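Report on the structure
So you can see what is in the structure, the chains are spelled out below.
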Number of protein chains: 2
Amino acid sequence: MTPGDAGAPIADLRVGVLGGGQLGRMLAEAGRPLGVAFRFWDPGEAEPIAGFGEHICAAWDDDAAFERFVDGLDVVTYEFENVPVELARRIAEVVPVHPDPAALDVAQDRLSEKSRFESLGIATNAFLPVDGPGALASAIEAVGYPAVLKTRRLGYDGKGQEVLRRPDDTQGAFERLGSVPCILEAFVPFDRELSLVAVRTADGRFAPYPLVENTHVEGILVRTEAPAEGVSAAIRDQAETAVRALAEALDYVGTIAVEFFEVAGGSADDRRLLANEVAPRVHNSGHWTQDGAVTSQFENHVRAVCGLPLGPTGIAWPTVMVNLIGRRGDAEALLACDGARLHDYGKSERPGRKVGHVNVLGSTGQAARDRAEALRAVYAGPELR
Amino acid sequence: MTPGDAGAPIADLRVGVLGGGQLGRMLAEAGRPLGVAFRFWDPGEAEPIAGFGEHICAAWDDDAAFERFVDGLDVVTYEFENVPVELARRIAEVVPVHPDPAALDVAQDRLSEKSRFESLGIATNAFLPVDGPGALASAIEAVGYPAVLKTRRLGYDGKGQEVLRRPDDTQGAFERLGSVPCILEAFVPFDRELSLVAVRTADGRFAPYPLVENTHVEGILVRTEAPAEGVSAAIRDQAETAVRALAEALDYVGTIAVEFFEVAGGSADDRRLLANEVAPRVHNSGHWTQDGAVTSQFENHVRAVCGLPLGPTGIAWPTVMVNLIGRRGDAEALLACDGARLHDYGKSERPGRKVGHVNVLGSTGQAARDRAEALRAVYAGPELR
């Protein structure tokens, strides 16, 4: 980067980021105080990273953009996983890419993802590939109702899936999802969703954050509670073992997140986790770490991909993270709430779009929950439509 | 700001900052997550704010720059106090300026500053104006040795002053300081320097941070310990009362800092404070608040000048702030230190120049001090020359 660029000109390290959304913005917020400069490649408007580094606005297959992007970079990472894997591999021939593009490959295809869970002995729900209406019918026979049909690729925030409760739902479901390769999964009657965010270094150091509890509305994360209450040592071990195994198998470098369903077993305290999906990047359920952990998931991702030592992943304050969805709300009212820490993404408002979040801190989990409840008086909740 | 500018295009609030140093950078770091965009006016290179907002690089008397700077701003503030007061007043005719330019006036002239302390009943050391060698001689007669001769304007980091211990020192001292208006102050044999950072809102809310202890080397702050150990309730009250009185007298809006000498009184626990100087802005001795307080001095300054409610000023972690002076050090080694939080300013290295700081956190004051001591193994201290 030349001194005239938007990035700090004399930074010791130059990180390229594929994608220019809020996760990229928050990576830069965390990395710039460490002396790291950022360059983003995003074919779109990339509002959130405006002013956080150079924005290369070009299609993924633009060769000139490729050259401009990689020029002078020390390392490349992603802030969203639907980057072409081939592009990531091509970049890796000239600049180190962390995490390895193989992690994108796994995360982009739900069949690869679930198969990888299975091959690593990570418990997950039953699944079968579905390549046509006939395959759907036989998969339903094997898995039974209720089940969920999902596109193998490009699903997010509850999009690209259909819940099948009876034969009527199944009729035409494959076509409604666009007649693309799909996966049928057994519907999990879960008690709650937990997720584990962790970070791994190139020399194999693995550091998990505490397990957190997530709440979704219409497939969109609306709230994360950190730490999750009532997590047994067995559940914690199961989650950490699973994420560590996955990270090691992928020789993963950076922040990784895995969502789990916590389901009841035979007795009241016999609970177990089923892995649902992996994100090969910083994750919305880790946003609480900006204010509630000693070192944020963003800073630790930057540290890991840059080969810098990790910061502690311990909890500083029990935190409830509340997403601002569809509208940013009234900053003045939000900031007047006890324990509220605001993170605006600089995005235009649009129904269903994540435009910011608030981390609500408390001295205890109950205090944080009470304060998050009080916040509802000024921000009632997501406007999804 | 147009969407093509470096500032986030859709921010609700647009803040203009006079000055483009590290304090401006950290104001932007704190303010942008609140949805605030920044524009800086600095006649110099302004390395630290590169990529943190639009930089208007022009002399202070450039009329076209004036128009470009104020266009569309909601409020203007400063990140250093040696801005021409007349410029601040001219800006205040078209955009609200916080704190009021009157605060600059007081802080730019040591005689006004000390006189203001005196008129508000804030204890300070003896002082007399010195406008020539003759006035110096009679001032020395009144104040006695040792004393400190300081230029009334533009002194910082120990520059623009001479310690006078005997008549030999006095000979030619006025001329060595450039034959400019000076002030002679009684030398204070202080036990330690404490400072109080506080923030005040337009509607008169006043919120002090805890008193901190500062250590200087050759006039440059090298270390701040927060909170200061062994502060009596009487000392705390004296500091808070003084800063509140000053802030109210100036109808101050934003973060303000006052440095005090703590001196021994008649008996061991009879200690008192003498106000030394005021900074009408965020202050180096408040940098610990980025990691050690619930809300940083930077965020609270932004909140105050934008008319947003303040965040809590309570302590989260005992913290020792260590300035990186002259050289940035090895980020990898610094980040490997327990409890270390790095803040790089994006500045070129130069002897005596503040190029970053590290906030070292601990669960207790002693733990933070021990960790700061351990940090010396990788960053031995300031290189002032």
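The model shown is predicted, which means the values in this text are computed figures rather than measured ones.

What follows is about the overall build of chain A. A tally of helices and strands in chain A yields 13 helices and 17 strands. The globule rule puts the C-alpha radius of gyration for 385 residues at 21 Å, and the 21 Å found for chain A is close to it. The dimensions of chain A, computed from C-alpha atoms along their principal axes, are 65 × 50 × 40 Å. Here chain A holds 385 residues, and the buried ones make up 58% of them. In chain A, the share of contacts with a sequence separation of at least 24, taken over all contacts with a separation of at least 6, comes to 62%. Working note: accessible area of chain A is about 14,400 Å², and carbon and sulfur atoms make up 49% of it. Where the 38 positive side-chain charges of chain A centre and where its 56 negative ones centre are 2 Å apart.

Residues and elements named next belong to chain B. One open sheet holds the four strands; their spatial order is 5-8-6-7, and the pairing between them is antiparallel. Both outer strands of the open sheet, strand 5 (127-130) and strand 7 (161-164), are each paired with one neighbouring strand and no more. When the angles between neighbouring strand axes are averaged without regard to direction, this sheet yields 20°. Sheet contacts for helix 6 (residues 133-143): strand 5, strand 6 (147-151), strand 7 and strand 8 (182-186); angle to strand 5, the most-contacted strand, approximately 170°.

Attention shifts here to the environment of Val130 of chain A. Residues and elements named next belong to chain A. By the secondary structure assignment, Val130 is in strand 5 (residues 127-130). Along the sequence, Val130 and Lys150 sit 20 residues apart, while their C-alpha atoms lie 9.1 Å from each other. Residues within four places of Val130 in sequence aside, it is in contact with Ala135, Leu136, Ala139, Leu149, Phe174, Val180, Pro181, Cys182, Ile183 and Leu184.

Considering the arrangement of structural elements, one finds Leu13 of chain B in strand 1 (residues 13-18). Ignoring anything within four residues of it in the chain, the contact list for Leu13 of chain B reads Gly35, Val36, Ala37, Asp74, Cys306 and Leu308 of chain B.

Rotating chain A by 180° and moving it 0.0 Å along the rotation axis overlays it on chain B with an RMSD of 0.0 Å. The transformation relating the two chain copies, once decomposed into turn and shift, fits a two-fold axis. Scanning chain A for the C-alpha nearest the rotation axis identifies Gly51 of chain A, at a separation of 2.7 Å. When you check the interface residues of chain A against chain B, 100% turn up at the interface there too, and the contact is symmetric in its surfaces.

So, about the domain arrangement of chain A. Residues and elements named next belong to chain A. Split by domain assignment, chain A resolves into domain 1 (10-97), domain 2 (126-186) and domain 3 (192-379). One C-alpha centre belongs to domain 1, the other to domain 3; they are set 24 Å apart. With 21 residues of domain 1 at the interface, the matching set in domain 3 holds 22 residues. Taken together, the two surfaces of domain 1 and domain 3 that pack against each other cover about 1,800 Å², and 66% of this comes from carbon and sulfur. Three residues stand out in domain 1 for area buried against domain 3, namely Gln22, Met26 and Glu47, and they jointly supply 28% of the buried area on that side. Where domain 1 touches domain 3, the interface holds two salt bridges.

All right, on to the interface of chain A and chain B then. At the interface, 39 residues of chain A touch 39 residues of chain B. At the boundary of chain A with chain B, total buried surface from both sides reaches about 3,200 Å², with 56% on carbon and sulfur atoms. Linking chain A with chain B are four salt bridges, by the criterion used here. For Asp12 of chain A, the salt bridge is made with Arg328 of chain B, and the minimal N-O distance between the two is 3.1 Å. Linking chain A with chain B are 14 residue pairs in polar contact (both at pLDDT 80 or more), by the criterion used here. Here the element with the most residues in the side of chain A that touches chain B is strand 16 (residues 340-344) of chain A; it accounts for five residues. By residue class, the composition of the side of chain A that touches chain B is 20 nonpolar, seven polar and twelve charged.

Residues and elements named next belong to chain A. One open sheet accounts for four strands, arranged 3-2-1-4; its pairing is parallel. Sheet topology places strand 3 (54-56) and strand 4 (75-78) at the edges, where each strand pairs with a single neighbour. Here the strands of the sheet are splayed against their neighbours by 25° on average, with no regard to which way each runs. Bridge count between strand 1 (residues 13-18) and strand 2 (residues 36-41): six bridges; the pairing is parallel. The partner of Leu13 across the bridge, within strand 2, is Val36. Taken strand by strand, helix 2 (residues 63-70) contacts strand 1, strand 2, strand 3 and strand 4, and its axis lies near 170° from that of strand 2.

All names here are of chain A. On inspection of all chains with the given rule, the structure shows ten aromatic pairs over all chains. When the ring of Trp41 is compared with that of Phe69, the centres are 5.4 Å apart and the planes differ by 55°; the resulting orientation is tilted. Of the two residues, Trp41 is situated in strand 2 and Phe69 in helix 2; the sequence distance between them amounts to 28 residues. For the pair shown, Trp41 and Phe69 are each scored as buried. Aromatic side chains Tyr209 and Trp288 sit 6.3 Å apart centroid to centroid with 85° between the ring planes, which places their arrangement in the edge-to-face category. Of this pair, Tyr209 sits in the loop between strand 10 (206-208) and strand 11 (212-217) while Trp288 sits in the loop between strand 14 (271-279) and helix 10 (289-292); the two residues are 79 residues apart in sequence, bridging distant segments of the chain. The class of Tyr209 is buried, set by a relative accessible area of 1%. Judged by its relative accessible area of 1%, Trp288 falls in the buried class. One Lys or Arg, Arg165, reaches over the ring of Phe187 and ends 5.6 Å from the middle of that ring.

Bringing helix 11 (residues 297-305) of chain A into the picture now. Residues and elements named next belong to chain A. Along helix 11, nine of the nine residues are buried, which leaves the element largely enclosed by surrounding structure. If you check which residues of helix 11 are buried, you get Gln297, Phe298, Glu299, Asn300, His301, Val302, Arg303, Ala304 and Val305. Directly after helix 11, the chain includes Gly307, whose backbone phi takes a positive value near 75°.

Rules used throughout
- Residues numbered from 1 in each chain as written.
- Chains lettered and ligands numbered in written order.
- Predicted model: local features only at pLDDT ≥ 70, side-chain atom pairs only at ≥ 80, totals over all residues.
- Heavy atoms only, no water.
- Helix = DSSP H or I, 4+ residues; strand = E, 2+ residues; numbered from the N terminus.
- Rg over C-alpha atoms; globule rule 2.2 N^0.38 Å.
- Buried < 20%, exposed > 50% of the residue type's maximum accessible area, 1.4 Å probe, protein only.
- Contact = heavy atoms within 4.5 Å.
- Areas by Shrake-Rupley, 256 points an atom, 1.4 Å probe, with all protein chains shown as cover.
- Lys, Arg positive; Asp, Glu negative; His and termini not counted.
- Charge placed at Lys NZ, Arg CZ, Asp CG, Glu CD.
- Pairing = 2+ DSSP bridges.
- Axes fitted to C-alpha atoms, helices over the stretch in contact; angles between N-to-C directions.
- Least-squares fit on C-alpha atoms with pLDDT ≥ 70 in both.
- Domains from an automatic or database assignment.
- Buried area = accessible area lost by both parts, 1.4 Å probe.
- Salt bridge = Lys/Arg side-chain N within 4 Å of Asp/Glu carboxyl O.
- Polar contact = N/O pair within 3.5 Å; in protein donor to acceptor, adjacent residues only side chain to side chain.
- Nonpolar A, V, L, I, M, F, W, Y, C, P; charged D, E, K, R; others polar.
- Phe/Tyr/Trp six-rings, centres within 6.5 Å; stacked < 30°, edge-to-face > 60°.
- Lys NZ or Arg CZ within 6 Å of the ring centre and 35° of its normal.

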